[in-house]
Amino acid sequence: MGTCVVTGGAGFLGSHLCEHLLGQDHRVICIDNLETGSLQNIEHIRDSAFDFRYIDITETVDIPEDVDFVYHLASPASPIDYLRLPLHTLKVGSHGTHHMLGVAKFKRARFLLASTSEVYGDPEVHPQTEDYWGHVNPIGPRGVYDEAKRYAEAMTMAYHRQQGVDTSIVRIFNTYGPRMRANDGRAIPTFLRQALQDQNLTVFGDGSQTRSFCYADDLIRGIVSLAESDAHMPVNIGNPNEFTLLELAKTVIDVTESRSEIIFEPLPVDDPQQRQPDISRARDLLGWEPTVELHDGLQRTIKQAGVERLVGASD
Ligand code: NAD
């Protein structure tokens, strides 16, 4: 099997990807600067084919080995993180992506960029297909993340068209599962933390804004099958089942059998009203679709992560 470089491999999704690739008998070089990830996410991996390297990808990246796949996931991903690290977020999307595309070019490796549904901004089109160009505010506080990913997509296509690098782009929609950080500000870990402690669940706005939630195992399966395909254009990977934030809060209370109540707080700036992937391209090209329903995924998250981690006691 091949050698895979995973940037952001000590993060939430990166750590699941490393495990999955090792399970397929790949060698995995996990690169991370632990800015938002943690060694706790990978400490259970006991495999001689796994190698962790502490590298900041905005600096020079030197990998002596031959490489077959570069999975480029490194980037702050939750609003709490990218609002705290605006310049770093822009640098990871620009310098970091440039360095990793350089590695893929030099090694003749297949490259996968982890992009995001946030490239669509607050969409005027619903559900979002890959052909929709988006509606993004470049100068709002969230612009650092959205524009970094849009720039990273443009650079990936330029390396493909001008330099002949074998590239792919996955547009990831909201994903959840074990190893999300309890305090990372995203809806599912926040609701789980609050519900497991019988605290009020804080819903922004009136809770009518929608999201779709993909379980981590489904997403990783989609990412790997895209990397192993010959597709070059962006592919949405996410769960098309759409829920309002209010429905999500009620489901979390149900799954955790919590005594929590729901309270409402003001909407954050530029928070999208609707978010739902059209996954026709993933179905057609990869034969991929998600299999884990929200209720089941939440139960698996609680079982695998454990209550202590979900309430932040070991964050
Ligand atoms: P995460 O914060 O858990 O993981 C990101 C990882 O990147 C962390 O381990 C962090 O330390 C590392 N990193 C950041 N800057 C780095 C640098 N300069 N050098 C090396 N490592 C660096 O986030 P995640 O949720 O696992 O997201 C992973 C990727 O998926 C991101 O690119 C994100 O934009 C994308 N994504 C995630 C979601 C989601 O719902 N989780 C949705 C859309 C897109």
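Here's what I pulled together on the structure shown here. Predicted, not measured: the structure shown is a model, and the values here were computed from it. (Residues numbered from 1 in each chain as written. Predicted model: local features only at pLDDT ≥ 70, side-chain atom pairs only at ≥ 80, totals over all residues. Heavy atoms only, no water.)

### Observations regarding the environment of Asn239
Examined against the element boundaries, Asn239 turns out to sit in the loop between β11 (235-237) and β12 (242-244). With a relative accessible area of 5%, Asn239 lands in the buried category. Sequence separation between Asn239 and Thr291 is 52 residues; the distance between their C-alpha atoms is 8.7 Å. In contact with Asn239, not counting residues within four places along its chain, are Ser212, Phe213, Cys214, Pro277, Pro290 and Val292. A polar side-chain atom of Asn239 sits 3.0 Å from the main-chain amide nitrogen of Asn241. (Helix = DSSP H or I, 4+ residues; strand = E, 2+ residues; numbered from the N terminus. Buried < 20%, exposed > 50% of the residue type's maximum accessible area, 1.4 Å probe, protein only. Contact = heavy atoms within 4.5 Å. Polar contact = N/O pair within 3.5 Å; in protein donor to acceptor, adjacent residues only side chain to side chain.)

### Remarks on the pairing of strand β5 (residues 110-116)
Within β5, seven of the seven residues are buried, which leaves it mostly tucked inside the rest of the structure. A two-sided burial pattern is seen for β5, the buried positions comprising Arg110, Leu112, Ala114 and Thr116 on one face and Phe111, Leu113 and Ser115 on the other. By the bridge criterion, four bridges tie strand β4 (residues 69-72) to β5 in an arrangement that is parallel. Residue pairing for β5: His72 is matched across the bridge by Leu113. Strand direction decides the pairing type here: β5 and strand β6 (residues 167-172), joined by six bridges, are parallel. By the bridge assignment for β6, Leu113 is matched with Ile169. In this fold, β5 hands off to helix α4 (residues 143-163), which returns the chain to β6; that crossover is right-handed. (Pairing = 2+ DSSP bridges. Right-handed = clockwise from strand over helix to strand, strands pointing away.)

### Considerations on the pattern of salt bridges
Under the definition given, this model contains 21 salt bridges. The salt bridge involving Arg300 is made with Asp217; its shortest N-O contact spans 3.9 Å. Taken together, the positions of Arg300 in helix α9 (residues 294-305) and Asp217 in helix α6 (residues 216-227) put the pair 83 residues apart, joining distant regions of the chain. Relative accessible area serves as the criterion here: at 38%, Asp217 is assigned to the partly exposed category. Each of the salt bridges in this network shares a partner with another, and the network as a whole consists of Arg27, Asp51, Arg53 and Glu65. (Salt bridge = Lys/Arg side-chain N within 4 Å of Asp/Glu carboxyl O.)

### So, the side chain of Thr156
With respect to the secondary-structure elements, Thr156 resides in helix α4. The class of Thr156 is buried, set by a relative accessible area of 0%. One polar contact links the side chain of Thr156 to the main-chain carbonyl oxygen of Ala152, over a distance of 2.7 Å. Not counting residues up to four positions away in its chain, the partners in contact with Thr156 are Thr97, Leu101, Phe111, Leu113, Thr167, Ser168 and Ile169.

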